[in-house]
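One-letter residues, chain by chain:
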Amino acid sequence: MKSLYFVALASVALLGSPAFAAGPNLTVEGDTIVAPTFHRPQENGSDAPVMLDDFGMDVAYQATEFTVLASGAYMITMLSEFDNYLGLYAGSFDPSSPLANAQIYNDDLVGRNSGFTTELTLGTSYFVVASGYSDWDKGAYTLSFFGPGEIVLASAGAVPEPAAWAMMIAGFGLVGGTMRQRRTAVA
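Described below are features of the structure shown in this document. (Residues numbered from 1 in each chain as written. Predicted model: local features only at pLDDT ≥ 70, side-chain atom pairs only at ≥ 80, totals over all residues. Heavy atoms only, no water.)

**Some points on the overall build of the protein chain**
Step number 1: A count of helical and extended segments in the protein chain gives 3 helices and 10 strands.
Step number 2: The order of α-helices and β-strands along the protein chain, N terminus first, is α-α-β-β-β-β-β-β-β-β-β-β-α.
Step number 3: Buried positions account for 37% of the 187 residues belonging to the protein chain.
Step number 4: Put simply, of all contacts in the protein chain between residues at least 6 apart along the chain, 80% involve residues at least 24 apart. (Helix = DSSP H or I, 4+ residues; strand = E, 2+ residues; numbered from the N terminus. Buried < 20%, exposed > 50% of the residue type's maximum accessible area, 1.4 Å probe, protein only. Contact = heavy atoms within 4.5 Å.)

**Some points on the sheet that holds strand β4 (residues 72–80)**
Step number 1: If you walk across this open sheet you meet the 4 strands as β1-β9-β4-β7, and the pairing is antiparallel. The open sheet has two free edges, formed respectively by β1 (26–31) and β7 (114–120), since each of these has just one partner strand. With direction set aside, neighbouring strand axes in the sheet form an average angle of 20°.
Step number 2: Where β1 lies against strand β9 (residues 140–146), 6 bridges are found, and the strand directions are antiparallel. Bridged to leucine 26 within β9 is phenylalanine 145. (Pairing = 2+ DSSP bridges. Axes fitted to C-alpha atoms, helices over the stretch in contact; angles between N-to-C directions.)

**What to know about the side chain of asparagine 106**
Step number 1: Relative to the elements of secondary structure, asparagine 106 occurs in strand β6 (residues 102–107).
Step number 2: In this structure asparagine 106 comes out as buried when scored by relative accessible area, which is 12%.
Step number 3: A distance of 2.9 Å separates the side chain of asparagine 106 from the backbone nitrogen of glycine 115, its partner in a polar contact.
Step number 4: Residues in contact with asparagine 106, not counting those within four places in the same chain, are Glu43, Tyr85, Leu86, Ser114, Gly115 and Phe116. (Polar contact = N/O pair within 3.5 Å; in protein donor to acceptor, adjacent residues only side chain to side chain.)

**A short note on the packing of aromatic side chains**
Step number 1: By the definition in use, this model includes 9 aromatic pairs.
Step number 2: Ring geometry for phenylalanine 38 versus tyrosine 61: centroids 4.8 Å apart, planes at 65°, classification edge-to-face. Here the residue phenylalanine 38 occupies a position in strand β2 (residues 37–38), and tyrosine 61 occupies one in strand β3 (residues 59–68), the gap between them amounting to 23 residues. Residue phenylalanine 38 shares its accessibility class with tyrosine 61, and that shared class is buried.
Step number 3: Relative to tyrosine 105, the ring of tyrosine 89 lies with its centre 5.9 Å away and its plane at 85°, an arrangement referred to as edge-to-face. With tyrosine 89 in strand β5 (residues 84–90) and tyrosine 105 in strand β6, the pair connects residues that are 16 residues apart, well separated along the chain.
Step number 4: Linked through ring pairs, Phe38, Tyr61, Tyr85, Tyr89, Phe93, Tyr105 and Tyr133 together constitute an aromatic cluster.
Step number 5: Here arginine 40 stacks its cationic end above the ring of tyrosine 85, 3.5 Å away from the centre of that ring. (Phe/Tyr/Trp six-rings, centres within 6.5 Å; stacked < 30°, edge-to-face > 60°. Lys NZ or Arg CZ within 6 Å of the ring centre and 35° of its normal.)

Right, here's the structure in full:
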């Protein structure tokens, strides 16, 4: 219930638009308890961050890569029990160079939870970086994505779609049939 309250409140606070209040396009769960750390950029409103934050010199983070299937205004929110910080990168994310490709960072959109609305472009890889305000702020969190198009997560261990499974099974059958035919011809 707290999550729905936050999403509705963030929607009204950011946009005043009922289009975003209908529900998220995608929700992602994460945890920064056991995570790598970096020197987090400072909140910057709507411009790219230009400096690193003295309160976030060694914060735990998780980066989630995604693309969008339609260009437009998207809202991304982060809900957690700890004081969180949310950032967005375009193209790539390198924790050893945290200002490079940074688009926006936000702290305390509603309460201690972060979020922002920004324009995203079809065909661009984005990285949303979930972290804490200070070095000791970490834990479980939920990211919610709202916008005009589908959000596609980049994942090395992605599960193939049913059509891909069908093609793969047909391919195995074709290879097996060819090998059996060869074995019969040789005998």
